[in-house]
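In case you want the letters, here they are:
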4 protein chains.
Amino acid sequence: MSDDHPRPKGSDIAGRKSDHLDIVLATAAADRPERLTTGLEAIRFEHCALPELSLAAIDLSTRFLGRRLKAPLLISSMTGGPERAARINARLAEVAGDLGIALAVGSQRIAIEGRATGGLDRSLRRLAQDVPILANIGAAQLGLGYGTAEAMRAVEMIEADALIVHLNPLQEAVQAGGDTDWQGIFTRIETLARDLAVPLVVKEVGAGISASLARRLVEAGVAAIDVAGAGGTSWAAVEAERADDPLLRRTAMAFADWGIPTARAIAGVRAACPDTTMIGSGGLRSGLDVARAIRLGADLGGQAAATLAAADHSAEAVAAHFAAVIQELRIACFCTGSADLAALRRAPLID
Amino acid sequence: MSDDHPRPKGSDIAGRKSDHLDIVLATAAADRPERLTTGLEAIRFEHCALPELSLAAIDLSTRFLGRRLKAPLLISSMTGGPERAARINARLAEVAGDLGIALAVGSQRIAIEGRATGGLDRSLRRLAQDVPILANIGAAQLGLGYGTAEAMRAVEMIEADALIVHLNPLQEAVQAGGDTDWQGIFTRIETLARDLAVPLVVKEVGAGISASLARRLVEAGVAAIDVAGAGGTSWAAVEAERADDPLLRRTAMAFADWGIPTARAIAGVRAACPDTTMIGSGGLRSGLDVARAIRLGADLGGQAAATLAAADHSAEAVAAHFAAVIQELRIACFCTGSADLAALRRAPLID
Amino acid sequence: MSDDHPRPKGSDIAGRKSDHLDIVLATAAADRPERLTTGLEAIRFEHCALPELSLAAIDLSTRFLGRRLKAPLLISSMTGGPERAARINARLAEVAGDLGIALAVGSQRIAIEGRATGGLDRSLRRLAQDVPILANIGAAQLGLGYGTAEAMRAVEMIEADALIVHLNPLQEAVQAGGDTDWQGIFTRIETLARDLAVPLVVKEVGAGISASLARRLVEAGVAAIDVAGAGGTSWAAVEAERADDPLLRRTAMAFADWGIPTARAIAGVRAACPDTTMIGSGGLRSGLDVARAIRLGADLGGQAAATLAAADHSAEAVAAHFAAVIQELRIACFCTGSADLAALRRAPLID
Amino acid sequence: MSDDHPRPKGSDIAGRKSDHLDIVLATAAADRPERLTTGLEAIRFEHCALPELSLAAIDLSTRFLGRRLKAPLLISSMTGGPERAARINARLAEVAGDLGIALAVGSQRIAIEGRATGGLDRSLRRLAQDVPILANIGAAQLGLGYGTAEAMRAVEMIEADALIVHLNPLQEAVQAGGDTDWQGIFTRIETLARDLAVPLVVKEVGAGISASLARRLVEAGVAAIDVAGAGGTSWAAVEAERADDPLLRRTAMAFADWGIPTARAIAGVRAACPDTTMIGSGGLRSGLDVARAIRLGADLGGQAAATLAAADHSAEAVAAHFAAVIQELRIACFCTGSADLAALRRAPLID
Ligand SMILES: Cc1cc2nc3c(=O)[nH]c(=O)nc-3n(C[C@H](O)[C@H](O)[C@H](O)COP(=O)(O)O)c2cc1C
Ligand SMILES: Cc1cc2nc3c(=O)[nH]c(=O)nc-3n(C[C@H](O)[C@H](O)[C@H](O)COP(=O)(O)O)c2cc1C
Ligand SMILES: Cc1cc2nc3c(=O)[nH]c(=O)nc-3n(C[C@H](O)[C@H](O)[C@H](O)COP(=O)(O)O)c2cc1C
Ligand SMILES: Cc1cc2nc3c(=O)[nH]c(=O)nc-3n(C[C@H](O)[C@H](O)[C@H](O)COP(=O)(O)O)c2cc1C
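A quick note: this is a predicted structure, and the numbers were derived from the prediction, not measured.

Novice: Help me understand the site of ligand 4, please; the structure alone is not making it clear to me.
Specialist: Taken together, 23 residues sit near ligand 4, with S77, S107, K203, G283 and A305 of chain D positioned nearest. More than one chain lines the surroundings of ligand 4; the residues nearby belong to chains C and D. Within the contact set of ligand 4, an oxygen atom lies 3.2 Å away from a side-chain nitrogen or oxygen of H166 of chain D. A304 of chain D is positioned such that a nitrogen or oxygen atom in its backbone is 2.9 Å from an oxygen atom of ligand 4. Considered on its own, ligand 4 offers 600 Å² of accessible surface; in the complex 99% of this is hidden by protein. Classifying every residue of the shell around ligand 4 by side-chain character gives nine nonpolar, twelve polar and two charged.

Written out as structure tokens, the structure reads:
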């Protein structure tokens, strides 16, 4: 910046300035900070070396949407293109029914618009007769004109016990052509909560729901919250991967670690809404993570991405996956001396 | 999740959704958090640059189970299959006798059931005449019907000074076919403590004993606690390594870092049970770690895994290993200006 | 250090001492600590999953130096050798005018001394008619005799709205032949602030301005502060790269992480000078970083190095770069539910 | 540990137990914790962007042992085997004299015993006429019978201004055949402090001097303390490198990170002994580290290992090295706006 005082090796100012440019250009490496985590990994249970329990007799059952679950688990909403989706949905429904856990389907927009069902029809309920099934539409659709009628169509199409509205403003914002006019959507959710024949659940898709928003939603009549916090699937990172335009990719990547980490979202929502049914989700990998989510205040743990490989493979793989998740949750109860989920919620932590 | 608004490059929704699936599948890398440590590495002694001591004259002697030890060390319980075990036990006993340190044998279940002794007979006592020898059975065996008679058989078989009951609920839970009905075991330990002719010691195997459990055990008549905390040998990781079934392996790995870190377990148990004999163990690598365990409140330091390579080799290797551990402990005393273990317990730390 | 007591393997003292020398020499690796960061990465916004806004309608406009900006952005000063500079300046001016953001030119010393303009003439203003343009001279020049006349020449030459004086004591100190007599410069800045026909802005170049200096400058009549904090371009590292002499390089590298990190500089200056216009700059990579700077108290965000690759390429690349930055800032507003910059300043953070 | 319940794949207990042994043996990797640092790297000065100083006019002079230094630097004691030592000592003395900084010679034991001078004779004083020269003997020698007579011989041999006694209990303890009977040494230091004709300085060699020991030494009549803290040269690591016996090496490595980090030692000693002359040393790499040491309370900064490469090369290399150190210290003063060392001691830090 200051210039041309005598310089040892015959270099002139112009050369020096141009050097500056080149060195800065060469060293402008994007330093990506540490990948964001869910915060669940920091929740450590105090080990109970002498449980006075039988592992097999630990009671993981709970109630959700008026039905009994054998374990506090929700298979979180996933869409995946019509053909693959049909097979995946059938597998998930079969296993949900067999294991007695809840199932949420992916966005039903295409099915509602009558273009393809992707398996989102009454066959699902036949596969999973006694467990809660949750329908799913996007908040952006509410903004684009969907109302109670379309919502009920989604519910009835699969004989669902409840409807999920998913909130995904970041995903819409970082993709080309996303729906980013969200004015009036809150009011529409309020209306839906009042008019819909089944309970309304609101979820995020991986950036988390804050304590203050959860409270407003509950006051508006929403029956349950699924936090879907940050630290697991990052839709900004996924959209970055898909983007062709390098600048769009960069923009998406700038938000790869955006969001409220799952552990914090769960604890925040529980503190703000002590009596609301809450699903803890976003980056849960194992039954131990489910145990941690429950310890922090969740009623159920939800999983999407971690089940995907199995769902893409076979019903047997999905069954084996969730059997392992349930066994892990059971071991977490055993090794904290917790006979049931109520006891797990009081299990001592190591700070 | 929201769908089919006009998109720049002719991609359709179905393709987009399928992209999502594939990208999430490809990036689902299991992010293993930092390996858990014992916490001992964070205990730093304040250096004393002018000790006013002779290193050779530092007094490391202590008493344990009515006998004198030349150094506050316990060779922790290890089993290893009959043939190898016999050789290993003989080597350990010889060195324990020579160096004046305590010896705990591995689980005596097979020997009690009369199927093979693995060297667990009176020959051990002949090799280690003046030092404490500790017998060992598993809590799971108590659950499966062992009582005072079997326990005394374990003690007498090797002329032991005390009996260890080991607690390993996590190890049982993560292996195929483990014993996981632990109902009633606490009461059986209580009975044993009352009826047994020798003192009863309770230990974990690498997940730690909590302060509250230690207190309950002491109130039940247990004479000494060996914390065997987390940060060293992880039995979940070992069982994961052995598992053939990938899901069993995954379940075991989910608990690889479970447990109360050794440093915390020692401090917790000492605070809860100020007058109980306590062995600090779990991941102790060197005599400096033994010094740290003692500084935190342990009476003795125990080592299993770190002695194994030497034990698998020769008595000379075991002797050299423990000579080094003792020298390291001595240097820790020297460089903190501690003339004996009582002084070491008061040595200033750097925070 | 102590010597020649009997040693096991026949080694003599002389040999031992020489060993010491060689081992120490071999292990003298320079351990560079973790690269300093701006601190902005630690500022995490609480996600708002239900914004009640239209992304496109978010109002990013602000006023600066009496003109309206469409977004709170300043292209920070860069010089780069006459030929390249001319092209770069023209591109930056064109884009600043088109996008409605502010432009600061690089040091005008060479142009003032009449040796080459590097495009620093009235053509700039024609390219960027309605946006603030800032002239630039170095504090070291004030020390070497520049006064109000030269300063006004810099301003008039490009029809600037304000004059920046840049402070770069570290850069001067770590380069061969830098200007390091800074006595009296504060007084000269004070005089300039009083006598100059346009507002005076003071900036650093990547080491930050402290709260106490900012307050003194404001009391001396300076109209705005650009913190240009540490964590982005490190001039010490750049000069190290350029240095031929290894010791000069070492000296420069010793200061590679010197400076007040940008986040801290912004917060400090805002606390000390609540009502002063402040540009937050130094290592801002994306519009999300601009949002963080504004949340911490900046009125505008400035960028130099991150724009350089585009500036070296074409006006289109610069336009695309800043369009992305603006979109990122807009998304940060959207996903915090902030309708404008005033709302962004109150957006809740995650601690 | 529990045994032989039915197991899936026909494996028997013996096999399982032997598996355990092998897996534990294979995974017993020594996890070396993060390398200890001096703590100086965490001391960050607040940048002063407008110094109002001339770099060249900054006054680095100070007084030490009744003589004037042009910069607050001590070349710390180093021995290195007779032939190399002679050349090294001459080079260091020449540069110390030329630059006006203090010189401490390495251990004079061999020279005192008349076996070889290693250049430790009156030629040193001729090369460095006006600067403080410090003689050096080891505390262990005091333990082995050295008294005031031998100490004065060390002083007179090189016309020293003071005598250093170095404390190195750890180094003695981790080497084969080290002197580890340190009983009575404190009293001998006390006597020496009283009887010696020149001031007595006490130093460590890389493990630090604690606040409490410093106070006792000062009360015993010691004139100055050189902390020589941990984070730089680790003698345990050096001795580990030299050890032939793997267990001796292991023992030495267990103490590689032992000691009071330099930053903490300096601050501790200064708090305990507000008026005592103190040399801050141990791992100082640059003049910036010297500035940090002074900011924490040291009067001088000392360097051994960092000067060694230059000392092993030529007087010119040593001169260039210390010129750079002095320039770095000067830049630290400049960029904190400190006109002299007293000002540097009050320079604001960033926390
Ligand atoms: C392939 C895929 C498709 C998804 N599709 C939907 C969807 O249609 N509707 C929805 O509410 N969430 C959808 N999600 C979000 C998930 O329901 C979940 O909230 C999010 O991925 C975080 O959980 P996870 O970390 O367990 O994946 C999808 C997730 C994945 C991985
Ligand atoms: C190969 C091996 C076998 C073991 N067998 C037993 C056993 O039979 N009974 C028992 O109480 N503990 C057993 N343990 C556990 C140890 O006694 C000890 O508590 C645990 O390994 C933690 O200490 P470490 O980190 O020093 O290995 C065994 C450990 C190892 C490594
Ligand atoms: C190539 C280059 C040239 C620069 N030239 C100047 C200059 O002439 N005058 C000035 O005040 N700052 C100059 N700077 C400093 C920048 O204005 C800015 O304060 C600094 O680089 C920190 O911001 P950044 O991290 O966004 O690059 C220059 C920076 C770069 C990268
Ligand atoms: C090769 C070498 C030889 C040393 N010899 C001595 C010695 O004879 N006497 C002494 O007091 N210290 C000796 N030291 C220790 C240094 O004086 C200094 O206290 C220690 O190395 C820490 O400083 P540093 O990190 O700058 O090396 C020696 C150090 C080195 C590197």
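Novice: Honestly, the packing of helix α2 (residues 82–99) of chain A against helix α15 (residues 315–334) of chain A in this entry has me stumped. Any pointers?
Specialist: A pair of packed helices is characterised by two quantities: the angle between their axes and the separation of those axes. Residue and element names in this part refer to chain A. Where α2 meets α15, the axes come as close as 9 Å, and the angle between the chain directions of the two elements is 45 degrees. The pairing of α2 with α15 is recorded here as oblique in orientation. α2 and α15 meet at a crossing whose hand is right-handed. Side by side, α2 and α15 meet where R91, L92, E94, V95 and L99 of the first sit next to A315, V318, A319, F322, A323 and I326 of the second. Classifying every residue of the contact of α2 with α15 by side-chain character gives nine nonpolar, no polar and two charged.

Novice: In this structure, what is going on with the relation of the copies chain D and chain B? I would like to understand it.
Specialist: Once chain D is rotated about the relating axis by 90 degrees and shifted along it by 0.0 Å, it coincides with chain B to within an RMSD of 0.0 Å. In symmetry terms, the pair is related by a four-fold rotation axis.

Novice: How should the interface of chain D and chain B be read in this particular structure?
Specialist: Accessible area lost upon the coming together of the parts is a frequently used measure of interface size. Facing 57 residues of chain D, the contacting portion of chain B comprises 64 residues. Surface buried jointly by chain D and chain B totals about 5,000 Å² across both partners, of which 61% is contributed by carbon and sulfur atoms. Taken together, the connections running from chain D to chain B amount to three salt bridges. The salt bridge involving R250 of chain D is made with E328 of chain B; its shortest N-O contact spans 3.1 Å. Viewed at the interface, chain B and chain D are joined by eleven residue pairs in polar contact (both at pLDDT 80 or more). Among the elements of the structure, α1 (13–27), α7 (169–174), α8 (185–195), α9 (211–219) and α11 (246–254) of chain D are those that each provide at least two residues to the side of chain D that touches chain B. In terms of residue class, the side of chain D that touches chain B is built from 31 nonpolar, eleven polar and 15 charged.

Novice: Sorry if this is basic, but what is going on with the sheet that holds strand β7 (residues 162–166) of chain A here?
Specialist: Backbone-to-backbone hydrogen bonds join strands into a sheet, with any given pair of strands oriented parallel or antiparallel. All names here are of chain A. Strands sit in the order β4-β5-β6-β7-β8-β9-β10-β11 around a closed barrel of eight strands; the barrel is parallel. The sheet shows a mean angle of 25 degrees between the axes of neighbouring strands, taken without regard to direction. Where strand β8 (residues 200–203) lies against strand β9 (residues 224–226), three bridges are found, and the strand directions are parallel. Bridge assignment links V201 to a residue of β9, and that residue is A224.

Novice: Whenever I open this one, the nonpolar core confuses me. Can you help?
Specialist: Grouped burial of nonpolar side chains is what soluble globular proteins tend to show. Membership of the largest hydrophobic core comes to 409 residues, with the highest contact counts inside it found for L163 of chain A, L163 of chain B, L163 of chain C together with L163 of chain D. In this view, L163 of chain B contacts A135, N136, I137, A151, A154, V155, L192, L196, V198, P199, L200 and V201 of chain B; residues no more than four positions away in its chain are not counted.

Novice: Would you mind showing me how to read the side chain of R330 of chain B here?
Specialist: All names here are of chain B. Note that R330 resides in helix α15 (residues 315–334). There is no salt bridge for the buried R330, and the closest opposite charge comes from D59, which lies 7.4 Å off by N-O distance. Setting aside residues up to four positions removed in sequence, R330 forms contacts with L55, A56, I58 and L60.

Novice: How do you make sense of the site of ligand 3 when you look at a structure like this?
Specialist: All names here are of chain C. Surveying the vicinity of ligand 3 reveals 23 residues, the closest of which are S77, S107, K203, G283 and A305. The contact in question runs from an oxygen atom of ligand 3 to an N or O atom on the side chain of T233, over 2.9 Å. A304 places a polar main-chain atom, nitrogen or oxygen, 2.9 Å from an oxygen atom of ligand 3. Coverage of ligand 3 by the protein amounts to 99% of the 600 Å² it exposes when considered alone. Here the shell around ligand 3 is built from residues that sort into nine nonpolar, twelve polar and two charged.

Novice: Explain the confidence of the model for chain A here, please?
Specialist: In low-pLDDT segments, the atomic positions of the prediction should not be examined closely. All names here are of chain A. Per-chain confidence: chain A averages 92 in pLDDT, with 91% of residues scoring 70 or above. Overall, residues 2–11 carries pLDDT values under 50, and its contacts beyond four positions in sequence, including any with other chains, amount to 31 contacts. As scored by the predictor, the complex reaches a pTM of 0.93 and an ipTM of 0.93.

Novice: Where do I start with the packing of helix α10 (residues 235–242) of chain B against helix α11 (residues 246–254) of chain B in this structure?
Specialist: Residue and element names in this part refer to chain B. With their axes 8 Å apart at the nearest point, α10 and α11 run at an angle of 165 degrees to one another. It follows from the interaxial angle that α10 and α11 lie roughly antiparallel. Taken as a pair, α10 and α11 cross one another with a handedness that is left-handed. For the pair α10 and α11, the contacting residues are A236, A237, E239, A240 and E241 in the first and R249, A252 and M253 in the second. Residue composition of the contact of α10 with α11, grouped by class: five nonpolar, no polar and three charged.

Novice: Where do I start with the packing of aromatic side chains in this structure?
Specialist: Remark: the centre distance and the inter-plane angle together describe each pair of aromatic rings, the angle taken between the planes. Enumeration over the complete set of coordinates arrives at twelve aromatic pairs over all chains. Residues F255 of chain B and W258 of chain B carry aromatic rings whose centres are separated by 5.4 Å and whose planes lie at 55 degrees to one another, so their mutual orientation is tilted. Plain terms: the ring middles of W258 of chain C and F45 of chain D are 5.8 Å apart, the flat faces sit at 25 degrees to each other, and that makes the pair stacked. Here F45 of chain D lies in strand β1 (residues 44–45) and W258 of chain C lies in the loop between α11 (246–254) and α12 (262–272), a pairing that spans two chains. Relative accessible area serves as the criterion here: at 3%, F45 of chain D is assigned to the buried category. An aromatic cluster is built from F45 of chain A together with F255 and W258 of chain B, whose rings are joined through pairwise contacts. In this structure, R216 of chain C packs its charged tip against the face of F186 of chain C, placed 4.1 Å from the ring centre.

Novice: What should I look at first to understand the pairing of strand β8 (residues 200–203) of chain D in this one?
Specialist: Regular strands have side chains that alternate between both faces of the sheet. All names here are of chain D. Covered by surrounding structure in β8 are L200 and V202 together with V201 and K203, the residues of both alternating faces. Of the pairings in the sheet, the one linking strand β7 (residues 162–166) to β8 comprises four bridges and is parallel in character. Counterpart to L163 in the pairing with β8 is L200. Of the crossover connections in this fold, the one passing from β8 over α9 to the parallel strand β9 (residues 224–226) is right-handed.

Novice: Looking at this model, I keep getting lost on the state of the cysteines. Mind explaining?
Specialist: Two cysteines joined by a covalent bond between their sulfur atoms form a disulfide. Residues and elements named next belong to chain B. Counted according to the given criterion, the structure contains zero disulfides over all chains. Residue C333 stays outside any disulfide, its sulfur separated by 10.0 Å from that of C335, the closest cysteine. C333 sits in the buried class, given a relative accessible area of 0%.

Novice: Whenever I open this one, the sheet that holds strand β10 (residues 277–281) of chain D confuses me. Can you help?
Specialist: All names here are of chain D. Sheet architecture is closed into a barrel: eight strands sit in the order β4-β5-β6-β7-β8-β9-β10-β11, paired in parallel fashion. Between one strand axis and the next, the sheet turns by 25 degrees as a mean value, whatever way the strands run. By the bridge criterion, two bridges tie strand β4 (residues 73–75) to strand β5 (residues 102–104) in an arrangement that is parallel. The partner of I75 across the bridge, within β5, is L103. Sheet strands in contact with α8 are β7 and β8, and its direction is about 150 degrees off that of β8.

Novice: Could you clarify how one ought to interpret the interface of chain B and chain A in this entry?
Specialist: Listed by partner, the interface residues are 57 residues for chain B and 63 residues for chain A. Here chain B meets chain A over a buried area of about 5,000 Å², counting both sides, of which 61% is carbon and sulfur. Linking chain B to chain A there are three salt bridges. At the boundary of chain B and chain A, one finds eleven residue pairs in polar contact (both at pLDDT 80 or more). At the level of elements, α1 (13–27), α7 (169–174), α8 (185–195), α9 (211–219) and α11 of chain B are the ones that each hand at least two residues to the side of chain B that touches chain A.

Calculation rules
- Residues numbered from 1 in each chain as written.
- Chains lettered and ligands numbered in written order.
- Predicted model: local features only at pLDDT ≥ 70, side-chain atom pairs only at ≥ 80, totals over all residues.
- Heavy atoms only, no water.
- Near = heavy atom within 4 Å.
- Polar contact = N/O pair within 3.5 Å; in protein donor to acceptor, adjacent residues only side chain to side chain.
- Areas by Shrake-Rupley, 256 points an atom, 1.4 Å probe, with all protein chains shown as cover.
- Nonpolar A, V, L, I, M, F, W, Y, C, P; charged D, E, K, R; others polar.
- Axes fitted to C-alpha atoms, helices over the stretch in contact; angles between N-to-C directions.
- Helix = DSSP H or I, 4+ residues; strand = E, 2+ residues; numbered from the N terminus.
- Parallel < 35°, antiparallel > 145°, perpendicular 65-115°, else oblique.
- Left-handed = near helix turned anticlockwise from the far one by under 90°.
- Contact = heavy atoms within 4.5 Å.
- Least-squares fit on C-alpha atoms with pLDDT ≥ 70 in both.
- Buried area = accessible area lost by both parts, 1.4 Å probe.
- Salt bridge = Lys/Arg side-chain N within 4 Å of Asp/Glu carboxyl O.
- Pairing = 2+ DSSP bridges.
- Core = buried A, V, L, I, M, F, W, Y, C linked by side-chain atoms within 4.5 Å.
- Buried < 20%, exposed > 50% of the residue type's maximum accessible area, 1.4 Å probe, protein only.
- Lys, Arg positive; Asp, Glu negative; His and termini not counted.
- pLDDT = per-residue confidence, 0-100.
- Phe/Tyr/Trp six-rings, centres within 6.5 Å; stacked < 30°, edge-to-face > 60°.
- Lys NZ or Arg CZ within 6 Å of the ring centre and 35° of its normal.
- Right-handed = clockwise from strand over helix to strand, strands pointing away.
- Disulfide = S-S within 2.5 Å.

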